[in-house]
Amino acid sequence: MTTILARIRLVLLASVLLALAGAIPSVAQQLGPDGAPNPTASVPNQRTLLQEVPRIEGRIDIPDEKAAVLIQPMGRVWEYFHEVTLHWVGAVVILGTIAALAVAYLIIGRVRISAGRSGRKVSRFTPFERFAHWLTAVSFVILGLTGLNITFGKIVLLPVMAADAFSDFSQAMKYIHNFTSFAFVVGLVLIGVIWLKDNLPSKVDVEWLKQGGGFIKSKHAPAGRFNAGEKLVFWFALGAGVAVVVSGYLLLFPFYATNIAGMQVAQVVHAVIAVLFIAIILGHIYIGTLGMEGAFEAMATGEVDLNWAKEHHDLWLAEQLAKAQREGSPEKPSPTPAE
Amino acid sequence: MARMKFLCDADRCIDCNACVTACKNENEVPWGINRRRVVTINDGKPGERSVSMACMHCTDAPCAAVCPVECIFQTDDGIVLHSKDLCIGCGYCFYACPFGAPQYPRVGNFGSRGKMDKCTYCAGGGGPEAPGSPAEFAKYGSDRFGEGKLPMCAEMCSTKSLLAGDGEVIAKIYEDRVSQRGYGSGAWGWLTAYNEDV
């Protein structure tokens, strides 16, 4: 019995060794057809290497790690993305959004307060909330415009500007873009913290979406402090904000944390997310200004008309009024605390 | 018209870095800037090969295409030059370059880059400075090409591994070498730079 087991073990061991020997590539010097050592037998061939690896890398004598990459054909792929894909996608998405909003304005028009203004005001946003919003908003617009210049400036502005004037302008835009990013990060963090609680999904959101939000004039969908549409914008802004910030700082601190492939990916992520971000925010700006009567004053003065609140945020208004009643000041309900 | 190219015969390169030194000396390149470098593949293994690499002056140069201020252009001789007056130091040419050629002096905040610097094929600069003038030399380096000479790196190469000149002529020299000695690991970078191989 023991001998059979021992034999099985021996066979297993031999087969494992054979498999290993087959797997290890031969590193011994190869011989040419005439038996002489072939000086080129194990030499890496450019074509083969390029098929095997995305980048040909080696050892470098200078203290610059990124210089160790000898050839990276992906540069041409990134060039195609930057010069063809991004130009088309960016133009179609952004101009398409503007066109869609124009059509929406022509068809739906400005959504009025159907009961008219009541004359009574309800507090909606505290000064601190408005500060956080406008910090993010102003820095976003600056970042968006200065960023668009890097991609579209040479198509839109360079033909109508002198080359050196456009260069000086772009240089300034670059610095403004880099420094404004810090304000945007602060705004994004503030927004994320102060509005997180009110943007958690709830059952009423489903009902709001079913009723088509506020876009069907005859209906007023139920909503709490933020309706489902606003919640979607909030979560998109938070997600996209984190993505552009992370990819942006990788670009701002080049090669600190990543290699050439990482830099290219960071630029692609930064550009694609930024284009989508701009499109979504264009929609957000439209609804907050032109698209809806009584909406802009919420962020401008912090107060909204009672009837506006009734039509767009009925559940929140009821809550506010109830709270005000408990505190004994029915005239002017206090806003929701920020924390 | 001749189309200028570089060709590094990796079977001759001995990683002596004379081309790197010649380039630095000829163009008085600042510290930290390497217009040319030598990369060793399979270092210490059978089939080790070294390749001297700089700007290859690509056909349809990707750096020129992605530049947001269009400061990079190709001369009639196929040499890719740029204007440091227009460059804004965005770094995009480095992402597009298949050969890691663009270099940036570190100036200002964060990792931000100064005006891009790269191999000019010893042909002066792409700015408004007069060819061969001290102002041009200070910004871009030597204008040997304007004097009818080839780049210093290739001229200094001790094993004549690095070849510079008319693409057809240097390709012929390399082909003859390969057929005579019976082997060659290829014209490194040519496939990516010029979409052709020798």
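As the structure is a computational prediction, the values presented were derived from the model and not from experiment.

**Remarks on the overall build of chain B**
1) Next: Across its full length, chain B holds seven helices and six strands.
2) Next: Order of helices (α) and strands (β) in chain B, N terminus to C terminus: β-α-β-β-α-β-β-α-α-α-β-α-α.
3) Next: Relative to its length of 198 residues, chain B is compact, with a C-alpha radius of gyration of 17 Å against a globular reference of 16 Å.
4) Next: Taken over the C-alpha atoms alone, chain B extends approximately 50 × 40 × 30 Å along its principal axes.
5) Next: For chain B, the proportion of its 198 residues judged to be buried stands at 53%.
6) Next: Taking all contacts inside chain B whose residues are at least 6 apart in sequence as the whole, residues at least 24 apart take part in 56%.

**Section: the nonpolar core**
1) Next: With 75 residues, the main nonpolar core has V51(B), C63(B), C93(B) and L162(B) as its most contacted residues.
2) Next: The greatest single-element share of this core, amounting to five residues, is contributed by helix α3 (residues 92-96) of chain B.
3) Next: With sequence-adjacent residues up to four places away left out, L162(B) is seen in contact with F6(B), C8(B), C19(B), S52(B), C153(B), A154(B) and C157(B).
4) Next: L306(A), A309(A), W316(A) and L317(A) belong to the second-largest nonpolar core, a separate cluster that totals twelve residues.

**Here's the deal with the interface of chain A and chain B**
1) Next: Contacts between the two partners involve 51 residues from chain A and, on the opposite side, 40 residues from chain B.
2) Next: Listed by contribution, the elements that provide at least two residues to the side of chain A that touches chain B are α2 (46-52), β2 (59-60), β3 (69-71), α3 (74-107), α4 (127-156), α5 (163-194) and α8 (260-288) of chain A.
3) Next: By residue number, the principal contributor to the side of chain A that touches chain B is α5(A), which donates eight residues.
4) Next: Of the residues that constitute the side of chain A that touches chain B, the class distribution is 24 nonpolar, 16 polar and eleven charged.
5) Next: For β2(A) and strand β2 (residues 37-41) of chain B, the ladder comprises two bridges, and the chain directions are antiparallel. Note on β2(B): the bridge partner recorded for I60(A) is V39(B).

**A word on the environment of L7(B)**
Residue and element names in this part refer to chain B.
1) Next: Within the element layout of this structure, L7 appears in strand β1 (residues 4-8).
2) Next: With 22 C-beta atoms counted inside 10 Å, the residue L7 sits in the buried group.
3) Next: Setting aside chain neighbours within four positions, we find L7 in contact with L163, I170, A171, Y174 and A187.

**Regarding the pairing of strand β3 (residues 49-53) of chain B**
Residues and elements named next belong to chain B.
1) Next: With five of five residues buried, β3 lies mostly within the body of the structure.
2) Next: In β3, alternate side chains face the same way, and those of R49, V51 and M53 on one face and S50 and S52 on the other are all buried.
3) Next: In terms of strand pairing, β2 meets β3 through five bridges, oriented antiparallel. Each bridged residue has a counterpart across the sheet, and for R37 the counterpart in β3 is M53.

**A few points about the environment of R9(A)**
Residues and elements named next belong to chain A.
1) Next: On the secondary structure map, R9 appears in helix α1 (residues 2-23).
2) Next: In this structure R9 comes out as exposed when scored by C-beta crowding, with 10 C-beta atoms within 10 Å.
3) Next: The spatial distance from the C-alpha of R9 to the C-alpha of N307 is 86 Å, given a sequence separation of 298 residues.

**Points about the sheet that holds β2(B)**
1) Next: With antiparallel pairing, the three strands of this open sheet are ordered in space as β2(A)-β2(B)-β3(B). With one partner strand each, in any of the chains shown, β2 of chain A together with β3 of chain B form the two edges of the open sheet.

**Details of the packing of α5(A) against helix α7 (residues 228-252) of chain A**
To describe two helices that pack against each other, one gives the angle between their axes and the distance between the axes.
Residue and element names in this part refer to chain A.
1) Next: It is the contact of α5 with α7, at a shortest axis distance of 11 Å, that shows an interaxial angle of 150°. If you check the angle between α5 and α7, you find them roughly antiparallel. Crossing of α5 against α7: the hand is left-handed. Where α5 abuts α7, its residues N178, S181, V185, L188 and G192 lie against L238, G241, V245, G248 and L252.
2) Next: Here the residues of the contact of α5 with α7 are counted per class, giving five nonpolar, five polar and no charged.

**Brief notes about the confidence of the model for chain B**
1) Next: With 99% of its residues at a pLDDT of at least 70, chain B reaches an overall mean of 94.
2) Next: Scored by ipTM, the complex comes to 0.94, with pTM at 0.87.

**Quick word on the packing of α7(A) against α8(A)**
All names here are of chain A.
1) Next: At a minimum axis separation of 8 Å, α7 and α8 run at an interaxial angle of 150°. The angle between the axes of α7 and α8 places the two elements in the roughly antiparallel class. Read as a crossing pair, α7 and α8 show a hand that is left-handed. Contacts from V233, F236, A240, A243, V244, S247, G248, L250 and L251 in α7 reach G262, A266, Q267, V269, H270, I273, A274, L276, F277, I280 and H284 in α8.

**Describing unusual backbone geometry**
Keep in mind that most residues, glycine aside, have a negative phi and that most peptide bonds are trans.
Residue and element names in this part refer to chain B.
1) Next: Despite not being glycine, H57 has its phi angle at roughly 55°, a positive value.
2) Next: Here H57 shows up in the loop between β3 and α2 (62-66).
3) Next: Overall, the presence of 27 C-beta atoms within 10 Å leaves H57 in the buried class.
4) Next: With a phi angle near 50°, C122 is a residue other than glycine that sits in the positive phi range.
5) Next: If you trace the backbone, C122 turns up in the loop between α3 and α4 (134-140).

Reading guide: rules and limits
Residues take numbers from 1 onward in each chain, read along the sequence in its written order. Each chain takes a letter, starting from A, and each ligand takes a number, starting from 1, following the order in which they are written. A pLDDT threshold of at least 70 governs which residues receive local features in this predicted model, and a stricter bar of 80 or more applies before side-chain atom pairs are shown or counted, although totals over entire chains, interfaces and linings include all residues. Each helix corresponds to a stretch of at least 4 residues labelled H or I by DSSP, and each strand to a stretch of at least 2 residues labelled E; elements are numbered beginning at the N terminus. As defined in this context, the radius of gyration uses C-alpha atoms, and a globule is described by 2.2 Å times the residue total to the power 0.38. Three exposure classes are used. Buried residues have 20 or more other C-beta atoms within 10 Å of their own C-beta, exposed residues have 12 or fewer, and partly exposed residues fall in between, all C-beta atoms being placed from the backbone. Whether two residues are in contact is decided by their C-beta atoms, placed from the backbone, lying within 7 Å. For this entry, the nonpolar core is defined as buried Ala, Val, Leu, Ile, Met, Phe, Trp, Tyr and Cys residues connected by C-beta atoms within 7 Å. Each residue is assigned to one of three groups, with Ala, Val, Leu, Ile, Met, Phe, Trp, Tyr, Cys and Pro labelled nonpolar, Asp, Glu, Lys and Arg labelled charged, and all others, Gly among them, labelled polar. Strands are treated as partners if at least two bridges between them are detected by DSSP. Inter-axis angles, ranging from 0 to 180 degrees, are taken between N-to-C directions of lines fitted to C-alpha atoms, where helices are fitted over the stretch in contact. Roughly parallel means an angle under 35 degrees; roughly antiparallel means over 145; roughly perpendicular covers 65 to 115; every other angle is labelled oblique. Crossing handedness: left-handed means the near helix sits turned counterclockwise from the far one by under a right angle, and right-handed means the same turn made clockwise. On a range of 0 to 100, pLDDT expresses the predictor's confidence in each residue.

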